[in-house]
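Results of the structural survey
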Amino acid sequence: MCTLEKRGNLFLLTLTGDNEHRFNPDAIATILSLLGQAKSQAKRGSVLITTGQGKFFSNGFDLAWAQASGSLTGAAERLHQMVESFKPVVAALLDLPMPTIAALNGHAAAAGLMLALSHDYVFMRKDRGVLYMSEVDIGLSMPDYFAAMVRSKIGTSAARREVLLSGKKIRGEEAVALGIVDSAAHDSAEGVVEATVGLAEKLAAKKWNGDVYASIRKSLYPELCEILGLKATIFATPKL
């Protein structure tokens, strides 16, 4: 399902298996638990990289699990359960006391794209993988924290329109041009992870105070953090 590996100062969270890495309650709970482990072991110089195996970074919520309830009401309840249980994952990433980098090995759709955008930096491949918000195509409304994430992390109204209102599958070079990802110059899953490790090592060398870093991060996204129930801590004196 997913694993957490510690390599010196770096934490590598990997969505495992050659599948779509869909988020059902079990997968969401596992990711949240592993983020809690990373937070508990954080120190100056810690950095988190999140990636996946196979063709998909993540294709979003497990709609098949929702539909397996056997009724429209049951499917709606299960979808709501996933939306609500995924919110603490986004909050945990924004509150994590270290820099975070998403290394997209492949497609990132719907909640999978929200997971990526919850990181400070997003790298993707140039040869494979798209970003896709499917809600307009499949007739689902947008959770409030999804919309706030897009407003917080994607800078222009034109780019937000492309992401949310076009049903467009956005490839690497266009994603960089729209300001959605930071880099898409990598020819393989291994290449994108290697690039993120290089950035992570540079960030780790800064030896920043993680609590201060997280507080500054949260102050950048006040609307999103209010929806998630997060507050930025004000440090009156430097924590050395």
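Higher on the page you've got the structure.
Remember, predicted model here, so these are calculated numbers, not experimental data.

**Brief notes about the overall build of the protein**
Secondary structure assignment for the protein yields 11 helices and nine strands. For 240 residues, the compact-globule estimate of 2.2 N^0.38 gives 18 Å, and the C-alpha radius of gyration of the protein, at 17 Å, lies within 12% of that figure. Once the C-alpha set of the protein is aligned to its principal axes, its extents read approximately 55 × 40 × 35 Å. Across the 240 residues that make up the protein, the buried fraction comes to 52%.

**A word on the packing of aromatic side chains**
Within this structure, the stated rule accounts for five aromatic pairs. Ring centres of Phe61 and Phe86 lie 5.6 Å apart, and the angle between their planes is 90 degrees; on these two criteria the pair is classed as edge-to-face. Here the residue Phe61 occupies a position in the loop between strand E4 (56–58) and helix H2 (63–67), and Phe86 occupies one in helix H3 (residues 72–95), the gap between them amounting to 25 residues. Here the two residues Phe61 and Phe86 agree in accessibility, since each one is buried.

**With respect to the pairing of strand E1 (residues 2–7)**
Alignment of E1 against strand E2 (residues 10–15), held across six bridges, turns out to be antiparallel. Bridge pairing links Thr3 to Thr14 in E2. Counted between consecutive antiparallel strands, the loop separating E1 from E2 contains two residues, among which Gly8 sits at a positive phi close to 65 degrees.

**Here's the deal with the sheet that holds strand E3 (residues 47–52)**
Strand pairs in the sheet, formed through backbone hydrogen bonds, run parallel or antiparallel to each other. In space, the six strands of this open sheet follow the order E1-E2-E3-E5-E7-E9, with mixed pairing throughout. Both edges of this open sheet fall to E1 and strand E9 (183–186), since each of them pairs with a single strand only. Each strand axis lies, on average, 20 degrees off the axis of its neighbour in the sheet, ignoring direction. Sheet topology note: the E3/strand E5 (residues 100–104) ladder contains three bridges and is parallel. Within the sheet, the bridge partner assigned to Thr50 lies in E5 and is Ala102.

**Topic: the pattern of salt bridges**
If you walk through the whole model with that rule in mind, you get 10 salt bridges. For Arg7, the salt bridge identified is with Glu5, shortest N-O distance 3.1 Å. The exposure class of Arg7 is partly exposed, given its relative accessible area of 43%. Its salt-bridge partner being Arg125, residue Asp127 comes within 2.9 Å of it at the nearest N-O pair. The exposure class of Asp127 is partly exposed, given its relative accessible area of 39%. Given the relative accessible area of 8%, Arg125 is considered buried. In this structure, a network of salt bridges that share partners links the residues Lys39, Asp95 and Lys218.

**Quick look at the pairing of E2**
Counting buried residues along E2, six of its six residues qualify, which places the element largely inside the surrounding structure. The alternating pattern of E2 places Leu10, Leu12 and Thr14 on one face and Phe11, Leu13 and Leu15 on the opposite face, and all of these are buried. Following the backbone out of E2, through helix H1 (residues 25–40) and into the adjacent parallel E3, one traces a crossover that is right-handed.

**Observations concerning the packing of H3 against helix H6 (residues 144–153)**
Their axes nearest at 10 Å, the elements H3 and H6 cross at an angle of 35 degrees. In this structure, H3 contributes Val83, Phe86, Lys87 and Val90 to the contact, and H6 contributes Asp144, Tyr145, Phe146 and Met149. Class assignment of the residues belonging to the contact of H3 with H6 gives a composition of six nonpolar, no polar and two charged.

**What to know about the packing of H3 against helix H10 (residues 210–220)**
Contact pair H3 / H10: the axes reach a minimum separation of 8 Å and the direction vectors enclose 120 degrees. In terms of axis orientation, H3 runs oblique to H10. Touching Leu93, Leu94 and Asp95 of H3 are Ala214, Arg217 and Lys218, all from H10. Looking at side-chain class alone, the contact of H3 with H10 contains three nonpolar, no polar and three charged residues.

Here is what the cut-offs are and how they apply
- Along each chain, the written sequence defines residue order, and numbers are assigned to residues from 1.
- For this predicted model, a pLDDT threshold of at least 70 governs which residues receive local features, and a threshold of 80 or more governs which side-chain atom pairs are given and counted, while totals over whole chains, interfaces and linings are taken from all residues.
- Excluded from the side-chain calculation are hydrogens and water; included are all heavy atoms of the structure.
- The secondary structure listing takes helices from DSSP runs of H or I that are at least 4 residues long and strands from runs of E that are at least 2 residues long, numbered from the N terminus.
- The globule rule used for comparison is 2.2 Å times the number of residues to the exponent 0.38, while the radius of gyration itself is calculated over C-alpha atoms.
- Here the term buried applies to any residue with accessible area under 20% of the maximum for its type, exposed to any over 50%, and partly exposed to those in between, with areas from a 1.4 Å probe on protein chains only.
- Each Phe, Tyr or Trp ring, with Trp reduced to its six-membered ring, pairs with another whose centre is within 6.5 Å; inter-plane angles below 30 degrees give stacked pairs, above 60 give edge-to-face pairs, and intermediate values give tilted ones.
- Paired strands, in this sense, are two strands between which DSSP finds at least two bridges.
- Think of each axis as a best-fit line through the C-alpha atoms, taken over the contacting stretch in the case of a helix, with angles from 0 to 180 degrees between the N-to-C directions.
- By definition here, a salt bridge exists when the distance from a side-chain nitrogen of Lys or Arg to a carboxyl oxygen of Asp or Glu is within 4 Å.
- Every crossover in which the path from the first strand over the helix to the second runs clockwise, viewed with the strands pointing away from the viewer, is termed right-handed.
- Residue contacts are defined here by distance: any two heavy atoms, one from each residue, within 4.5 Å place the two residues in contact.
- The residue classification treats Ala, Val, Leu, Ile, Met, Phe, Trp, Tyr, Cys and Pro as nonpolar and Asp, Glu, Lys and Arg as charged. All others, Gly included, are polar.
- Throughout this description, any angle smaller than 35 degrees is read as roughly parallel, any larger than 145 degrees as roughly antiparallel, any in the 65 to 115 degree range as roughly perpendicular, and the remainder as oblique.

In short, geometric facts, not functional conclusions.
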